[in-house]
Each structure stands twice: as C-alpha cells, then as structure tokens.
Amino acid sequence: MAKYLLLKHYRGAPEAVNSVPMDQWTPEEITNHVQYMTDFASRLEGTGEYVDGQALAPEGTFVRYDGEGRPPVTDGPFAETKDLIAGWMVIDVDSYDRAVELAGELSAAPGAGGKPIHEWLELRPFLSAPPTVTE
Amino acid sequence: MDELLLRELTPAVIGILVRRGLDFATAEDAVQEALLQATLSWPDRSPADPKGWLVTVAWRKFLDARRAEVARRERELKAEIEPPPGPPASADDTLQVFFLCAHPSLTPASAVALTLRAVGGLTTRQIAQAYLVPEATMAQRISRAKRTVSGVRFESPGDLATVLRVLYLVFNEGYSGDVDLAAEAIRLARQVVSITDDEETAGLLALMLLHHARRRARIRPDGSLVPLAEQNRSLWDTHMIAEGVDLLQRVLQRDRLGEYQAQAAIAALHADAPRVEETDWVQIVGWYDELLRITDSPVVALNRAVAVGEADGAPAGLAALAEVDPKLPRHTAASAYLHEKAGDLERAARLYADAAQAAPNLAERDHLTRQAARLNQRLR
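Each chain has its residues counted from 1, following the order in which its sequence is written. Each chain takes a letter, starting from A, and each ligand takes a number, starting from 1, following the order in which they are written. Only residues with pLDDT of at least 70 get local features here, since the model is predicted, and only at 80 or more are side-chain atom pairs given and counted; chain-wide, interface and lining totals rely on the full set of residues.

### Quick look at the overall build of chain B
Moving on, step 1. Under the scheme used here, helices are H or I runs from DSSP no shorter than 4 residues and strands are E runs no shorter than 2 residues, and both carry numbers assigned from the N terminus. When helices and strands are counted, chain B shows 19 helices and zero strands.
Moving on, step 2. A principal-axis box enclosing the C-alpha atoms of chain B has dimensions of 85 × 45 × 40 Å.
Moving on, step 3. A total of 380 residues make up chain B; the buried ones form 43% of that total.
Moving on, step 4. Across chain B, contacts joining residues at least 24 apart in sequence account for 62% of those joining residues at least 6 apart. Between the buried cut of 20 or more and the exposed cut of 12 or fewer other C-beta atoms within 10 Å of a residue's own C-beta lies the partly exposed class, and all C-beta atoms are placed from the backbone. The contact rule is simple: place each C-beta atom from the backbone, and if two of them lie within 7 Å, those residues are in contact.

Now the structure itself:
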C-alpha cells in the first residue's frame, strides 16, 4: 500500500483543456462539479482508499521567526506567487498505476458546458515507513 | 485478561461458527463482538474454557443481531440459545480462515487488513491506526474484502504461499504505532507453523525472528536508522536469534529450499558474526546466488551486488551492479556505497545526495543525506 497526495492548483499547473473559470459557469454546472467531487470522495471511502481531502483558501500569509523575544514576521500574500495550491486529497492505494487512474478520474470532473475540465493534478507519493528487511 | 490468548483463539472460533452454518462474514462479525465482550467481562481472569466461552458468546451475538433484524420486520424468531452441536474445531479450520483472508482474489492491502482482523483478532480501529488511514476507510476495506471472499467455499483448498506473502507484508511494511505489526506477524507465523509442516513457513518465521532480533539495535530512540554495519551487536536479542537459527537449520536439512529460507540464511549469517568484520560475505553471496535463482528478482540482484562488493572488493561489486537496472529503487544508494568503498569519495558524495532525493522513506533519506554530508566534510 502506498499513500499519494493529489494536489489541485489554483495557479502553477499547466492549463486545463476546458479552462473556462468557474465564475463563468452556470450555477447548475457548479452544482454538478461539486457533486462530482463529493461522489468521488465517497466512492473512495467505499473502496477503502480514502484518507483525507481538504480545500484551501487562495490567500495565505508567509510567516518567519524574527529572533528571541520578537513576534514572528508576517508577509504576503504575494500576488505574483506562481504556484498556488487549491486543495488536496490523500489516497491509500495498492499501486502507482491505481493512483494515476484515480487522479485521471478526478481530473474528469465536469466544468463549463458540462464537459470534463481535463485539469492537471499533481500526484506526489508520501515517504513511507522504512521496511524491516533491507538486506 | 489475556488479550493475546483471546486473539490467538479468533480464527479457530470463526472456523467453528462457519462449520455450524454461518457464512464467513457473519461469523467474523459475531466473533469480533464476542472479543469486545470478553475484554469487558474478563477483567481479572479468563473463564476455564475461553474458546467455549467465545463460541457461545459469538453465537449469542449472532442470534441478537438476527433477532434485531427480524424484529425490524416484526417477526418472531425461535432459535436455540446454545449453538447446535458441530464438528469439533480443528487445526484445519484455523488454516482455512488463514487461506480465506489471503485469498488471491483480494488485493494485498485488503488481504492484510482482513488477516489482521479475522485471524489477528485486532479491531478495525487498531488496524486503521497501524496503517494511518481513517477508521471508516479501514472498515470499508475490510467489509469489501469480506464481500469479495463471500463466494469462496470455506473448504476450498488454499495456497500457503499467499498466506506467507501476506504475513511477510505485515512484518515488513508497517508504521511503528501502538500495534506492533512485526510482533503480530511473528505471532501469526508461529500459529501457521504450529498447524502445518512446511519448510517455507518455517523459513519465513526464522527470517522474521532473525530480523526482529536486531530491532533494538536498528532504530535509535529518535527513530533514525542504524545500518547493519554500525549496529551495537550486544543489543541483538540472542534468544530470538538462536530460535531462528535452530528453526532454519532444521528445515534446511530437508533440502526443499525456497525464497524465505534463503533470505533467512542470509540473515542468519549476519547474526552469526560477533563483529561486522567477521561477516562471512562469501557464503552470503552464495545464498544470494540461490535466492536469485529462485526469484529472479532485480532487487535481489541489487543486494547481491553489494554483498559481492564486500566479498570480492568494490570493483567486483560495481561490475555486478552494472548488470542491474539503474532505475531500480536504491540502485543509486548501492552505487554510492560501492564508490565510497572504491575510494571515489567525490562521486560517492554526489550519488548519496542523489539517492537521498529518491529515497522512499524519511529514515532512509535522512541516513543518505548524512552520508553525503559526512563525505562532503571530508572533501573540504
């Protein structure tokens, strides 16, 4: 078993095939899209492959330590940041091929005109526990 | 209350209920309920006949569940409280439960989960925690697995090799949480050894014991890994090693070699060296040759190349490594090690850094990064 992170980007991923921005869809198209995502997650729960899924607000703050006794420094958000994560789903699957298959299905979520978005999702393997037998 | 005894009895009790006419999934649910009941009702001491107690309680749980079902349909069910007499439990039934849980129609992850629950007697929550997934996900994985094997006849002949693969996975690939998966795999392997007469099963148990014996030396308190060559060998569990070596020697005499026996033989040769310098690398290479012949696995060829490097020197090891697919995980790490051994520190440092980037887990990545850092310090 291996855990993978499916990352959805606001910005930074290559352009989707059906890239009409969400605010220009019809309300029904939005409803259908949200329904597809919810159904996808429940289906993965049913197959015993779902671990977690969360969405992130587009605007965040950078924070860093500023020395003993001083409050942390904050900065941003930076409008020019190229890579912006929109959310993630964590899956626990039997193989890399299965992870690719599921990411492909998630990328087929319907968008404008009810057609699949063909959005690029980033697939990242988790670092696992070390195996016991190594020699 | 002896939790281990309870869990030990799990597959036998499932076997008895199946013999009495329940389907596997229903029997498994009922036994899991009975296990929970036992943890509540046996606070100080176990009943005189724990197995009989579990059978009776599991049967009642089954009747309760069925009654609740029937009540919903507003019908009455007349059923005996005591289970009908059935054939006595036998070792064969326990083995059948092992076979069913490792059935080839299951994915490895499902087989692991079902085995830990139906023969390991662990709760869904414990299994979920051990594999870092939500309990709901693990519950679904287990119930799907039970559905998948629902059509398999309980008496169908099973394949011991599938059971061993599942136990090997439990032993080798798990997180170190509250449930000690390695210890659990050893316990289950012991159980299979006690009801079968099979060389590879004994070989697998020996392999597990020989690796488990090194655990205290292998992992520092902070979780970081200590490579075999640097381990404090006085921390090795000599009783466990003796047991593993004994077991292995007995089955090797039967001359029916398999991959687990060969792997155990390699582990035994490491265990046999009081100091790393005294390791019998020539014999180890010989066992890798056997293992390669049996498995034809590229991973074995990779490990063999490292052993060749120890037995015949780094150039021979690098030559053996050149025959192995460079895309294989840990190829770069092996190459780094052999290049350092050959004295090419700059190249080794670069390779260690590359290997760290590709490491499949955090402990290995940290270890490889430290190796690169160590060489880079020396090169300054």
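### A short note on the overall build of chain A
Moving on, step 1. Counting secondary structure elements, chain A contains two helices and six strands.
Moving on, step 2. For chain A, the sequential pattern of α-helices and β-strands runs β-α-β-β-β-β-α-β.
Moving on, step 3. With the radius of gyration taken over C-alpha atoms, the globule rule is written as 2.2 Å times the number of residues to the power 0.38. Relative to its length of 135 residues, chain A is extended, with a C-alpha radius of gyration of 18 Å against a globular reference of 14 Å.
Moving on, step 4. In terms of overall dimensions, chain A has C-alpha extents of about 55 × 55 × 25 Å along its principal axes.
Moving on, step 5. Within the span of chain A, comprising 135 residues, buried residues form 16% of the whole.
Moving on, step 6. The contacts in chain A between residues at least 6 apart in sequence include a share of 74% that link residues at least 24 apart.

### Quick look at the sheet that holds strand S2 (residues 50–55) of chain A
Residue and element names in this part refer to chain A.
Moving on, step 1. Any two strands with at least two DSSP-identified bridges between them are counted as paired. Read from one edge to the other, the open sheet built from four strands follows the order S2-S5-S1-S6, with strand pairing classed as antiparallel. On the outer flanks of this sheet lie S2 and strand S6 (122–125), each paired with one strand and no other. Across this sheet, the average inter-strand angle for adjacent strands is 20 degrees, counted without regard to direction.
Moving on, step 2. By the bridge criterion, five bridges tie S2 to strand S5 (residues 84–93) in an arrangement that is antiparallel. Each bridged residue has a counterpart across the sheet, and for Gly-53 the counterpart in S5 is Met-89. Note on geometry: axes are C-alpha line fits, over the in-contact stretch for helices, and angles between N-to-C directions span 0 to 180 degrees.

### Concerning the domain arrangement of chain B
Put simply, an interface is often sized by how much accessible area is lost when its parts join up.
All names here are of chain B.
Moving on, step 1. What the domain assignment reports for chain B is domain 1 (3–72), domain 2 (282–320) and domain 3 (329–380).
Moving on, step 2. These domain limits were set by an automatic method or by a database of domain assignments. The straight-line distance from the C-alpha centre of domain 2 to that of domain 3 is 20 Å.
Moving on, step 3. Listed by partner, the interface residues are eight residues for domain 2 and seven residues for domain 3.
Moving on, step 4. Going through the elements one at a time, helix H15 (298–312) and helix H16 (314–321) are the ones with two or more residues in the side of domain 2 that touches domain 3.

### Notes on the interface of chain B and chain A
Moving on, step 1. With 31 residues of chain B at the contact, the number on the chain A side is 17 residues.
Moving on, step 2. Among the secondary structure elements, those contributing two or more residues to the side of chain B that touches chain A are helix H5 (108–118), helix H7 (135–148), helix H8 (160–172), helix H13 (259–271) and helix H19 (362–379) of chain B.
Moving on, step 3. In this classification, the charged set is Asp, Glu, Lys and Arg, the nonpolar set is Ala, Val, Leu, Ile, Met, Phe, Trp, Tyr, Cys and Pro, and all remaining amino acids, among them Gly, are polar. Of the residues in the side of chain B that touches chain A, the class split is 16 nonpolar, ten polar and five charged.

### Focus on helix H17 (residues 331–341) of chain B
Residues spaced three or four apart along an α-helix face the same direction, because each turn holds 3.6 residues.
Residues and elements named next belong to chain B.
Moving on, step 1. Counting buried residues in H17 gives nine out of eleven residues, a clear majority hidden from the surface.
Moving on, step 2. The complete set of buried residues in H17 reads His-331, Thr-332, Ala-333, Ala-334, Ser-335, Ala-336, Tyr-337, Leu-338 and His-339.
Moving on, step 3. Lining the buried residues of H17 we find H15, H16, helix H18 (345–358) and H19.
Moving on, step 4. Directly beyond the C-terminal end of H17, a positive phi value near 95 degrees is found at Gly-343.

### Remarks on the nonpolar core
Across soluble globular proteins, nonpolar side chains have a tendency to be buried as a group.
All names here are of chain B.
Moving on, step 1. To define a nonpolar core, we join buried Ala, Val, Leu, Ile, Met, Phe, Trp, Tyr and Cys residues through C-beta atoms within 7 Å and take the resulting set. Within the largest apolar cluster, 123 residues are counted, with the highest numbers of intra-cluster contacts made by Val-13, Leu-17, Val-31, Leu-54, Ala-58, Leu-167 and Leu-210.
Moving on, step 2. Looking at this core, the element that brings in the most residues is H13, giving nine residues.
Moving on, step 3. In this view, Leu-210 contacts Ile-241, Gly-244, Ala-264, Ala-267, Ala-268 and Ala-271; residues no more than four positions away in its chain are not counted.

### So, the confidence of the model for chain B
Moving on, step 1. Within a predicted model, pLDDT stands for the predictor's per-residue confidence, ranging from 0 to 100. With 95% of its residues at a pLDDT of 70 or more, chain B has an overall mean of 91.
Moving on, step 2. Across the interfaces of the predicted complex, the ipTM metric reaches 0.84, alongside a pTM of 0.88.

### Considerations on unusual backbone geometry
A negative phi angle is the norm for most residues apart from glycine, just as the trans form is the norm for most peptide bonds.
Moving on, step 1. One non-glycine residue with positive phi stands out, namely His-118 of chain A, at about 55 degrees.
Moving on, step 2. Mapped onto the secondary structure, His-118 of chain A falls in the loop between helix H2 (96–107) and S6.
Moving on, step 3. Although it is not a glycine, Asp-296 of chain B sits at a positive phi angle of roughly 50 degrees.
Moving on, step 4. The residue Asp-296 of chain B is located in the loop between helix H14 (281–295) and H15 in this model.
Moving on, step 5. For Asp-296 of chain B, a count of 9 C-beta atoms within 10 Å puts it in the exposed group.

### Description of the packing of helix H10 (residues 199–212) of chain B against helix H12 (residues 238–252) of chain B
Residue and element names in this part refer to chain B.
Moving on, step 1. The geometry of H10 relative to H12 is characterised by a closest axis approach of 8 Å and an angle of 155 degrees between their N-to-C directions. One finds that H10 runs roughly antiparallel with respect to H12. Every pair of crossing elements has a handedness; the one defined by H10 and H12 is left-handed. For the pair H10 and H12, the contacting residues are Glu-199, Ala-202, Gly-203, Leu-205, Ala-206, Leu-209, Leu-210 and His-212 in the first and Met-240, Ile-241, Glu-243, Gly-244, Leu-247, Leu-248 and Val-251 in the second.
Moving on, step 2. Looking at the contact of H10 with H12 residue by residue, the classes come out as ten nonpolar, three polar and two charged. For classification, angles of less than 35 degrees are called roughly parallel, those exceeding 145 degrees roughly antiparallel, those between 65 and 115 degrees roughly perpendicular, and all remaining angles oblique. The hand of a helix crossing depends on one turn: near helix anticlockwise from the far one by less than a right angle means left-handed, and clockwise means right-handed.

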